[in-house]
Amino acid sequence: MFLINCPYCGQRDQSEFSAGGEAHIVRPKQPTELSDDQWAEYLFMRKNIKGVQFERWNHTHGCRKWFNMVRDTSNDKIHAIYKMGEKPPIK
Amino acid sequence: MSKNLRITNSKFIDQTSRISFKFDGKTLYGFKGDTLASALLANDIHLVGRSFKYHRPRGIMACGPEEPNAIVQVGSDASMTEPNTRATEIELYEGLEASSQNCWPSVNFDIGAVNNFFSPLIPAAFYYKTFMWPANFWKLYEYFIRKSAGLGKSPTEPDKDIYDHRYLHCDVLVVGGGISGIMAAKTAAKNNFNTLLIDDKNILGGTTLFQENECFKINNSYSSEWLKKEIETLKSLKNLTIKIRTSLAAYHNYNYLLARENLTDHLNINEKKDKIRQRLWKIRAKKVIISTGAMERPLIFNNNDRPGIMLSSSIKKYIDYYGVKCGQRISLFTNNDSAYEAAISLNNSGVIVNSVVDIRDKTNSLIVKQAEMLGIKIHWKSSVVNTSGYKKINSIEIMKLSDDGTAVVGKKIKEKCDCLGISGGWTPRVHLFTQSGGKLKFRDKDNVFLPNKSELDQISVGSCNGDFELDEVINNTVDSINKFLKVNNNDYENLEIISSKEINKKNIWLLPSDKPLGKTKPFLDFQNDSTANDIKLALREGFKSIEHVKRYTTTGMATDQGKLSNMHALGIIAETAGVKMGELGTTTFRPPYTPLTFGTIVGRNVGEFFDIIRKTPMHDWHVENKAEFENVGQWKRAWYYPINNENMHEAVQRESKAARDSAGILDASTLGKIDIQGSDASEFLNRVYTNAWSKLEIGKCRYGLMLNEDGMVYDDGVTTRLSENHYLMTTTTGGAANVLSKLEDYLQTEWPELDVYLTSVTDHYGTVSICGPNSKKILSKIIPDLDLSDKEFPHMSFKNTLIDNTKCRVMRISFTGEHSYEINIQASYAKSVWEKCYEAGKEFNITPYGTETMHLLRAEKGFIIAGQDTDGTMTPVDLQMDWIISKKKYDFIGKRSLYRSDTIREDRKQLVGLLTEDPKEVLEEGAQIVSETNKQPIEMLGHVTSSYFSPNLNKSIALAVIKNGKKLKGQKMFVPMKNKTINVTVTDTVFLDKENKRLNA
Ligand SMILES: [Zn+2]
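Residues numbered from 1 in each chain as written. Chains lettered and ligands numbered in written order. Predicted model: local features only at pLDDT ≥ 70, side-chain atom pairs only at ≥ 80, totals over all residues. Heavy atoms only, no water.

Structural notes on the packing of aromatic side chains
Throughout the structure, instances matching the rule amount to 21 aromatic pairs over all chains. Here the aromatic rings of tryptophan 621 of chain B and tryptophan 834 of chain B are separated by 5.4 Å at their centres, their planes lie at 65°, and the arrangement is edge-to-face. One end of the pair, tryptophan 621 of chain B, is in helix H18 (residues 619-624); the other, tryptophan 834 of chain B, is in helix H23 (residues 827-841), and 213 residues separate them in sequence. In this structure, tryptophan 621 of chain B and tryptophan 834 of chain B share a single accessibility class: buried. Joined through ring pairs, the aromatic side chains of Phe12, Phe210, Tyr318, Tyr321 and Tyr322 of chain B make up one cluster. Between lysine 65 of chain A and the ring centre of tyrosine 8 of chain A, over which it is positioned, the NZ or CZ distance is 5.5 Å. (Phe/Tyr/Trp six-rings, centres within 6.5 Å; stacked < 30°, edge-to-face > 60°. Helix = DSSP H or I, 4+ residues; strand = E, 2+ residues; numbered from the N terminus. Buried < 20%, exposed > 50% of the residue type's maximum accessible area, 1.4 Å probe, protein only. Lys NZ or Arg CZ within 6 Å of the ring centre and 35° of its normal.)

Spelled out as structure tokens, the structure:
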């Protein structure tokens, strides 16, 4: 079980959080102007990387805030945590 | 039984307090401090079970968690009996009852032993190969296999014991209280680290605790004496917590560890009473020091599995610690120096040591010299090629090894013995290290896997890190701990250490015999009965990966998880396949290290604490009025209220009729309620619902449908505009939490610019729903001041009002199609309002109804239930609810998906109504629908989603989803059931009051 450093509350057990999939997938501003393929790209396509991945997490049983995490899915090492809307601190 | 196998000078066993216990129904005696295994051995009982496949007699082999054979069932009480426990880990207590598990009908007469004579016919994967086909034969085999396989009996009644969970945070966790663990814990605690030391035994000290041998001394004392003093000093350390009888079960990432503390298993029945049996510690440690030691390997040779063949270090522990002689004429067989420690201990305790058979060339380490001085005979460069004795070993055959070690030569010597100690070297216990994600490296000189890289803040010290000599253990532990904790500890520097050093190493994974391999039985996995031959067969059959060989031969897969012989399996595979062991790698060790009981895993979360139970404010009224309840998520909802001996159908028919004929009352408190405020609240609703919200007048209510981004219906409910920037949204009961999460997600991540605040108020209000043609009269009795005229208070509107000076909100909304009201009031008043309504309604025969009637009534009106009539694959168009999709809005969640090529397909499943040809025939929900009955295979066109007998229409009605259903209205279809086929007609979804006249009745 990880320890996650919520940017609003500090370090807490993973059991307080829930994962919300890949980060930095922006909902298109004008969905109606997209082709089926373009919309499907937004809707369905996710990378699911083995290695360093950018993810969304939610402090469900805490402050309920969403934030972003850079995590290595192969060993669960968390490289960075940053607030929604912020640029990733690492590439 | 007259044999006296107990020596009198054991320091650890209290020979003044005798304990009686039962094994296989027979009353026996042991002493306080014994394990079940040591007490059995003291009673000259070696035979404790039968092997899994061949049902060969098997005896106690070890003294710890690696024991493969002495697996017993403890207790006979139907609620407390526990299978798969190791006799070597059970502390003896007055009244203990245990029985052999791996035998049927009895340990001495075993029907499955017939398999042993047929064993050439039972090669590796015998079970897979034989029972694969024909599939239905399995039923026949299963009975016999299960009965004779000896997997233990589960308790048949709920566990009466109490279990507990607790969290623990520490700076340093030390796992294992042997010599290196004690040094580590003391150093950490003295340097102000908040330290926890755990050990699975009932006493600290590991194997050094009973090491009284001239070859192993510290500062002129036996290493045991030195260590005992060290343990004494631990007591004064304030930062140190010690937990004995506590075994580490799992080591997870981020130094999160689970340990099981055994609190009462060693107590007698009366002392156990009302106490917590086991506690699961959930430990978060900043730093972890693993000092779990090593376990001795067996040797793999012909017939190496007879009762009386034991690990030499275990024989040593039984004599030095428990004061129990495992035999009276003991032989030893080894490839390293450890067996000599056992030989010397036995000799000093007056046991006859026949000889030590050593596969190595003559060596002259300190300890070997000492053994020779004591006159112990040694067969150098020799091997045991066979053993005899059916229920107990009675002799061994010894031959010289050839120079290359691949064959035996010369003449055979027969040696009588009643016990054989074997030692194949040592395997560091790296299980916890690998569980934590650590990678291993291989050390060629003594064929061991050692901890290498880890991402976590942890180290391994002592023999689990590959240090086997006393001086190495001490010096390397001090160095590692100082570096790891960044301290400079001098306590253990400049110690004067005497330690016998092993000079000569030799290893042969599979020892040769004078017989061809196929005629021998060299066992590898004692519990699963796989031999070296099975491994070789698997390799011949083309298996290469260690994980595949393991599964094919079932080596290492029993309850002991191959603790003893995993290394030999790897060694034989590497040798046969011609690869290096380091390259072959090892199989994964999975948690738990030793099995946990279910009780420990669930802790206090049993019975009513298994899951959260949510009750509405009116719950007690429902109970008093004999409601049956159904679980909806965590909620207990009144399902129906049977009167006298009504069954569910009868009650629901009565309730449904009453609600439409006069008045019904429903507890709707469980519906999710979300308070939405902010200057952008209307815009927010526009984006999350399919229909338009900006123009909804203050004081009005509107039904909304919420989609997922993929266009599929997600949830629905009525939302009320309380004021300009204030809405109250309702959701389905089950969807409440997820809807809130979803809305928060969009607000925080996609639309942070919106000024909107969401608060869950589900629990804050109780909701009383009264419906039916007399609902208006009832409400007017309760709130006489409120103008209930259709003009002032029309359908889909709301009023703030007072009941007995308490503020409440009354909505005129309907899920039944009847004229109805929902009163929302602060939860603490809800029960009294409910009772008021019930009292006021009595003259109109107001009838409480539950969820089942609610479902029936809405089905008559063709209203969907999200989650029953939808399943995450239905768009609003599929539901024939096109009317609720705003054409004007530029965007809302899921809009774009409504005209993807897939969602505009005409042949999607669409919601329709169904009427049965026989109006009395009620369809089964989930039943399949087809268009013809004589074609095979027949295409399933859809299924029934909701089905009831409607008392108001006096016929059966159903909702269903059918491919292209919209165009099939009026068509005949078929619902094939097990014994008959039901004829149905596709209809509209609304069965009752299509014109909605009743809403204003
Ligand atoms: Zn937080």
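We are not done yet, so read on.
Some details on the sheet that holds strand S46 (residues 928-929) of chain B
Residue and element names in this part refer to chain B. On the basis of which strands lie adjacent, the open sheet formed by six strands has the order S46-S47-S48-S45-S50-S49 and antiparallel pairing. Sheet topology places S46 and strand S49 (972-976) at the edges, where each strand pairs with a single neighbour. Pairing analysis gives four bridges linking strand S45 (residues 909-916) to strand S50 (residues 981-987), with the strands arranged antiparallel. Residue pairing across strands places threonine 916 opposite valine 984, the latter belonging to S50. Lying over the sheet, helix H24 (residues 851-860) contacts strand S47 (942-950) and strand S48 (955-963), oriented at roughly 105° with respect to S47. (Pairing = 2+ DSSP bridges. Contact = heavy atoms within 4.5 Å. Axes fitted to C-alpha atoms, helices over the stretch in contact; angles between N-to-C directions.)

Re the pattern of salt bridges
With the rule as written, the count across this model stands at 70 salt bridges over all chains. Where lysine 77 of chain A meets glutamate 455 of chain B, a salt bridge forms, and the shortest distance between an N and an O atom there is 3.2 Å. In this pair, lysine 77 of chain A is assigned in strand S6 (residues 77-83) and glutamate 455 of chain B in the loop between strand S27 (448-451) and strand S28 (458-460), connecting two distinct chains. In this structure, arginine 687 of chain B engages glutamate 683 of chain B in a salt bridge whose closest nitrogen and oxygen atoms are separated by 2.7 Å. Here arginine 687 of chain B pairs with glutamate 683 of chain B, and both are found in helix H20 (residues 681-688), just four residues apart, close to one helical turn. (Salt bridge = Lys/Arg side-chain N within 4 Å of Asp/Glu carboxyl O.)

Quick look at the interface of chain B and chain A
Counting residues at the interface gives 29 residues for chain B and 28 residues for chain A. Between chain B and chain A lies a buried interface of about 2,500 Å² when both sides are counted; carbon and sulfur atoms form 43% of it. When the area that chain B buries against chain A is broken down by residue, the three leading residues are Tyr254, Tyr890 and Arg896 of chain B, summing to 26%. At the junction of chain B and chain A, the tally comes to seven salt bridges. Where chain B meets chain A, there are 24 residue pairs in polar contact (both at pLDDT 80 or more). Tallied by class, residues from the side of chain B that touches chain A come to ten nonpolar, eight polar and eleven charged. (Buried area = accessible area lost by both parts, 1.4 Å probe. Polar contact = N/O pair within 3.5 Å; in protein donor to acceptor, adjacent residues only side chain to side chain. Nonpolar A, V, L, I, M, F, W, Y, C, P; charged D, E, K, R; others polar.)

Points about the coordination of the zinc ion
Residue and element names in this part refer to chain A. Bound to the zinc ion are the protein donor atoms Cys6 (SG), Cys9 (SG), His59 (ND1) and Cys63 (SG), situated 2.0 to 2.3 Å from the metal. Taken together, the four donor atoms coordinating the zinc ion span angles of 105 to 115° at the metal, a pattern that classifies the geometry as tetrahedral. Binding-site remark: the zinc ion is held by donors from one chain whose sequence spacing is C-x2-C-x49-H-x3-C. Of this pair, cysteine 9 sits in the loop between strand S1 (3-6) and strand S2 (10-13) while cysteine 63 sits in the loop between strand S4 (52-58) and strand S5 (66-72); the two residues are 54 residues apart in sequence, bridging distant segments of the chain. (Donors = N, O, S within 2.8 Å, 3.2 Å for Na, K, Ca; no water. Tetrahedral: all angles 85-135°; square planar, octahedral: opposite > 155°, others 65-115°.)

A word on the domain arrangement of chain B
By domain assignment, chain B separates into domain 1 (162-294 + 428-499), domain 2 (296-426 + 503-584), domain 3 (667-843) and domain 4 (905-1000). Here the C-alpha centroids of domain 1 of chain B and domain 4 of chain B sit 68 Å apart. (Domains from an automatic or database assignment.)

As for helix H9 (residues 338-348) of chain B
All names here are of chain B. Among the eleven residues of H9, nine are classified as buried, and the element is accordingly described as predominantly covered. Residues of H9 that are buried: Ser338, Ala339, Tyr340, Glu341, Ala342, Ala343, Ile344, Ser345 and Leu346. Among the residues trailing H9, glycine 350 stands out with phi positive, at a value near 85°.

As for the sheet that holds strand S34 (residues 664-667) of chain B
Strands belonging to one sheet form pairs held by backbone hydrogen bonds; the direction of such a pair is parallel or antiparallel. Residues and elements named next belong to chain B. Spatially, six strands are ordered S41-S42-S43-S40-S34-S44 in an open sheet, and the strand pairing comes out mixed. The outermost strands of the open sheet, each flanked by one partner alone, are strand S41 (797-803) and strand S44 (847-848). Across four bridges, the pairing between strand S42 (residues 806-812) and strand S43 (residues 820-826) is antiparallel. Bridge pairing in S43 links arginine 809 to asparagine 824.

A look at unusual backbone geometry
If a residue is not glycine, its phi is most likely negative; likewise, a peptide bond is most likely trans. In this chain, glutamine 936 of chain B is followed by proline 937 of chain B through a cis amide linkage whose omega measures -10°. Considering the arrangement of structural elements, one finds proline 937 of chain B in the loop between S46 and S47. Phi at asparagine 48 of chain A is positive, roughly 50°, even though this residue is not glycine. If you trace the backbone, asparagine 48 of chain A turns up in the loop between helix H1 (36-44) and S4. One non-glycine residue with positive phi stands out, namely aspartate 993 of chain B, at about 55°. If you trace the backbone, aspartate 993 of chain B turns up in the segment after S50.

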